[in-house]
Amino acid sequence: MPFNLPRVTKALLIANLVAYLLQWVVGEQAYAFLELWPYVPDAPEQWFMPWQLLTYGFLHDPGNIAHIAFNMLALVMFGAPLEYTWGPRRYLTYYLTAVAGAGLCQLLVTSWMAASTGDVGSTVGASGGVFGLLLAYGMLFPNQRVMLLIPPIPMRARTLVILYGLFELMLGFTGLQPGVAHFAHLGGMLFGWLLIRYWRGQPPFGRGGGPRLRVVR
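Everything numeric here is computed off the predicted structure, so don't read it as measured data.

Caption draft 1: A nonpolar patch on the surface, seen in detail. Together, Ile14, Val18 and Leu22 give the surface a local cluster of nonpolar side chains, amounting to about 260 Å² of exposed area. One can find Ile14 in helix H1 (residues 7-26). The partly exposed category is assigned to Ile14, whose relative accessible area is 45%.

See the structure below:
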């Protein structure tokens, strides 16, 4: 149950749900400045601002309830064990780093596309942070059995991370699923991986052999 969750995971869940309800109430024009927009100097109406690298991760498309439902389910499934393992401060640092890293990767891609095609659109969603959580869960609990929802296939967490990473990479470069921020998903995983490597003192941040993250079973 959500009320039995650790405090940061619960706070993130509530923040996303409250933001989703407010989006319905105020309308998109009122919160557009919080969405992640590409950097296009000549765009007269919308433009990138630094805070959007975090705020976009607490917004979702009001017309797509499955988007926030799956993101919040993954937040609970993967976030709670990580918070119990790391503690609230390190867990929150990791999650926000994944969100910002995902936003940065998405910003680079969309800015390049906007400059090339002239199409300017925004990005919203917690998926970048969620994919970062998935990556961390696979690294800390590689042999833990998890179940896919569609299709319902059990597999090890490490296998799930590898498959999702390859799948997102394929979709991102082929464009087979337009309208989805695949490079944001990959960015969340990349920056999450880099932060864990940094905490462990492993390359490219050290020579290895540093203190490893504690795993609580």
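Caption draft 2: Broad picture of the side chain of Gln52. Inspection of the secondary structure assignment puts Gln52 in helix H3 (residues 52-55). Dropping the residues within four chain positions of it, Gln52 is found in contact with Phe33, Leu34, Glu35, Leu36, Trp37 and Trp47.

Caption draft 3: View of the packing of aromatic side chains. By the definition in use, this model includes seven aromatic pairs. Both rings, one in Phe78 and one in Tyr137, keep their centres 5.2 Å apart while their planes meet at 65°; by these two values the pair is edge-to-face. Taken together, the residues span a long stretch of sequence, with Phe78 in helix H4 (residues 65-86) and Tyr137 in helix H6 (residues 127-140) at a distance of 59 residues. Of the two residues examined, Phe78 and Tyr137, each falls in the buried class. With 6.3 Å between their ring centres and 40° between their planes, Tyr94 and Trp199 make a pair best called tilted. A residue pair is termed long-range when its members are at least 10 positions apart, and Tyr94 in helix H5 (residues 88-117) and Trp199 in helix H8 (residues 182-200) qualify at 105 residues. A relative accessible area of 0% places Tyr94 in the buried class. Of the aromatic side chains, those joined through ring pairs into one cluster are Phe78, Tyr137 and Phe141. The ring of Trp199 carries the charged tip of Arg90 above its face, separated from the ring centre by 4.2 Å.

Caption draft 4: Main features of H4. The terminal C-alpha atoms of H4, which comprises 22 residues, lie 30 Å apart, in line with the 32 Å expected from a rise of 1.5 Å per residue. Maximal helix bending in H4 amounts to about 35°, located at Gly79; proline Pro81 follows within four positions. Where H4 terminates, the next one or two residues include Gly87, which has phi positive at roughly 95°.

Caption draft 5: A look at unusual backbone geometry. Looking along the chain, the bond that leaves Pro203 and enters Pro204 is cis, with omega of 10°. Relative to the helices and strands, Pro204 resides in the segment after H8.

Caption draft 6: Summary view of the packing of H4 against H5. Following both chains from N to C, one finds H4 and H5 inclined at 135°, their axes separated by 7 Å at the closest point. Judged by the angle between their axes, H4 and H5 are oblique. Regarding H4 and H5, the two cross each other, and that crossing is right-handed. Residue-level inspection shows Leu75, Gly79, Leu82, Glu83 and Trp86 of H4 in contact with H5, the latter providing Pro88, Arg90, Tyr91, Tyr94 and Tyr95.

Thresholds applied
- Residues numbered from 1 in each chain as written.
- Predicted model: local features only at pLDDT ≥ 70, side-chain atom pairs only at ≥ 80, totals over all residues.
- Heavy atoms only, no water.
- Patch = residues over 30% accessible without salt bridge, like charges linked within 9 Å, V, L, I, M, F, W, Y side chains within 5 Å.
- Areas by Shrake-Rupley, 256 points an atom, 1.4 Å probe, with all protein chains shown as cover.
- Salt bridge = Lys/Arg side-chain N within 4 Å of Asp/Glu carboxyl O.
- Helix = DSSP H or I, 4+ residues; strand = E, 2+ residues; numbered from the N terminus.
- Buried < 20%, exposed > 50% of the residue type's maximum accessible area, 1.4 Å probe, protein only.
- Contact = heavy atoms within 4.5 Å.
- Phe/Tyr/Trp six-rings, centres within 6.5 Å; stacked < 30°, edge-to-face > 60°.
- Lys NZ or Arg CZ within 6 Å of the ring centre and 35° of its normal.
- Expected span 1.5 Å × (residues − 1).
- Bend = angle between axes of the 7 residues up to and from the residue.
- Axes fitted to C-alpha atoms, helices over the stretch in contact; angles between N-to-C directions.
- Parallel < 35°, antiparallel > 145°, perpendicular 65-115°, else oblique.
- Left-handed = near helix turned anticlockwise from the far one by under 90°.

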